[in-house]
Amino acid sequence: MRTYLVVIDETEEARLALRFASRRAAKTGGAVHILALIEQADFVAWGGVQATMEEEARDRAEQLVTAAAGSIFDEMGVRPAITVKPGEAIDVVKVMLEDHPGIAALVLGAAAQGAPGPLITHFTGINAGTLPCPVMVIPGSLTDAQLDELS
């Protein structure tokens, strides 16, 4: 089964990437795997404070993924797999791609303006030729209607 891995956060470009992947999955009989990353708290001298910060970050990520999964299931009938992981984004995505050989494409959203984020920069730069799957970069300037036509 063709699986699209989408890394999401609270940005509009991540929403568009998820919409694109979900529509492609629905049209091709594929699946979507949503990855939400937990922000790593800078080291805090008091362990209890750091643990609380990390727990709050995990809760935010889980709420984000749950909401995203519900919306794509309601709209497109695609029930996504969900992963919430802590760690450096690039490292976590690399491990996901290694651990899930069924992933057919990494789908990332690019902001409508400004430089691309670290994931796009890394996975479309000098390391692009080493990936086990294509990278799809969804422009943040697209409207939902334009995205629906493309997907």
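For the structure, check the block above.
Just so you know, these numbers come straight off a predicted model, no measurement behind them.

Draft legend 1. Just the overall build of the chain, in detail. Helix and strand counts for the chain come out as 5 helices and 5 strands. Each helix and strand of the chain, placed in order from N terminus to C terminus, yields the pattern β-α-β-α-β-α-β-α-β-α. Relative to its 151 residues, the chain shows a buried fraction of 40%. Residue pairs at least 24 apart in sequence account for 75% of intrachain contacts in the chain once pairs closer than 6 positions are excluded. Roughly 8200 Å² of accessible area belongs to the chain as shown, and the carbon and sulfur atoms make up 54% of that amount.

Draft legend 2. Representation of the sheet that holds strand E3 (residues 81-86). In spatial order, the strands read E3-E2-E1-E4-E5; together these 5 strands make up an open sheet with parallel pairing. The outermost strands of the open sheet, each flanked by one partner alone, are E3 and strand E5 (135-139). Strand after strand, the sheet turns through a mean of 25° between neighbouring axes, direction not considered. Here strand E2 (residues 31-38) runs beside E3; their pairing, made up of 6 bridges, is parallel. Each residue of the ladder has a partner; that of His33, found in E3, is Ala81. Where helix H1 (residues 12-28) meets the sheet, its contacts fall on strand E1 (3-8), E2, strand E4 (103-110) and E5, and the angle it forms with E1 comes to roughly 165°. Against the sheet, helix H3 (residues 89-99) touches E1, E2, E3 and E4, its axis set at about 150° to E2.

Draft legend 3. Geometry of the pairing of E1. Across the 6 residues of E1, 6 count as buried, placing the element largely inside the fold. Burial along E1 is two-sided: Thr3, Leu5 and Val7 facing one way and Tyr4, Val6 and Ile8 facing the other are all buried. Sheet analysis places E1 next to E2, joined by 6 bridges and oriented parallel. The residue of E2 that forms the bridge with Ile8 is Ala36.

Draft legend 4. View of the pattern of salt bridges. Applying the stated criterion across every chain, the model contains 4 salt bridges. Its salt-bridge partner being Arg15, residue Asp144 comes within 2.8 Å of it at the nearest N-O pair. Here Asp144, found in helix H5 (residues 144-150), pairs with Arg15, found in helix H1; they are 129 residues apart in sequence, far enough to count as distant. Of the charged contacts, one joins Asp148 and Arg23 as a salt bridge, the two residues approaching to 3.2 Å between their closest N and O atoms. A residue pair is termed long-range when its members are at least 10 positions apart, and Asp148 in helix H5 and Arg23 in helix H1 qualify at 125 residues.

Draft legend 5. Just the environment of Glu10, in detail. On the secondary structure map, Glu10 appears in the loop between E1 and H1. Remark: the alpha-carbon pair of Glu10 and Ala36, spanning 26 residues in sequence, is separated by 9.9 Å.

Draft legend 6. Representation of the environment of Ala111. You can see Ala111 is positioned in the loop between E4 and helix H4 (118-123). For Ala111, a relative accessible area of 32% translates into the label partly exposed. Once residues lying within four places of it in the same chain are set aside, the contact partners of Ala111 are Glu13 and Gly140.

Draft legend 7. View of the nonpolar core. Counting 23 residues, the largest nonpolar core has Val6, Ile8, Val32, Val107 and Ile138 as its most contacted members. Going through the elements one at a time, E1, H1, E2, helix H2 (47-76) and E4 are the ones with two or more residues in this core. It is H1 that contributes the most residues to this core, 7 residues altogether. Listed in part, the 16 residues of the second largest apolar core include Leu5, Val93, Leu106 and Ala110.

What counts and how
Residues numbered from 1 in each chain as written. Predicted model: local features only at pLDDT ≥ 70, side-chain atom pairs only at ≥ 80, totals over all residues. Heavy atoms only, no water. Helix = DSSP H or I, 4+ residues; strand = E, 2+ residues; numbered from the N terminus. Buried < 20%, exposed > 50% of the residue type's maximum accessible area, 1.4 Å probe, protein only. Contact = heavy atoms within 4.5 Å. Areas by Shrake-Rupley, 256 points an atom, 1.4 Å probe, with all protein chains shown as cover. Pairing = 2+ DSSP bridges. Axes fitted to C-alpha atoms, helices over the stretch in contact; angles between N-to-C directions. Salt bridge = Lys/Arg side-chain N within 4 Å of Asp/Glu carboxyl O. Core = buried A, V, L, I, M, F, W, Y, C linked by side-chain atoms within 4.5 Å.

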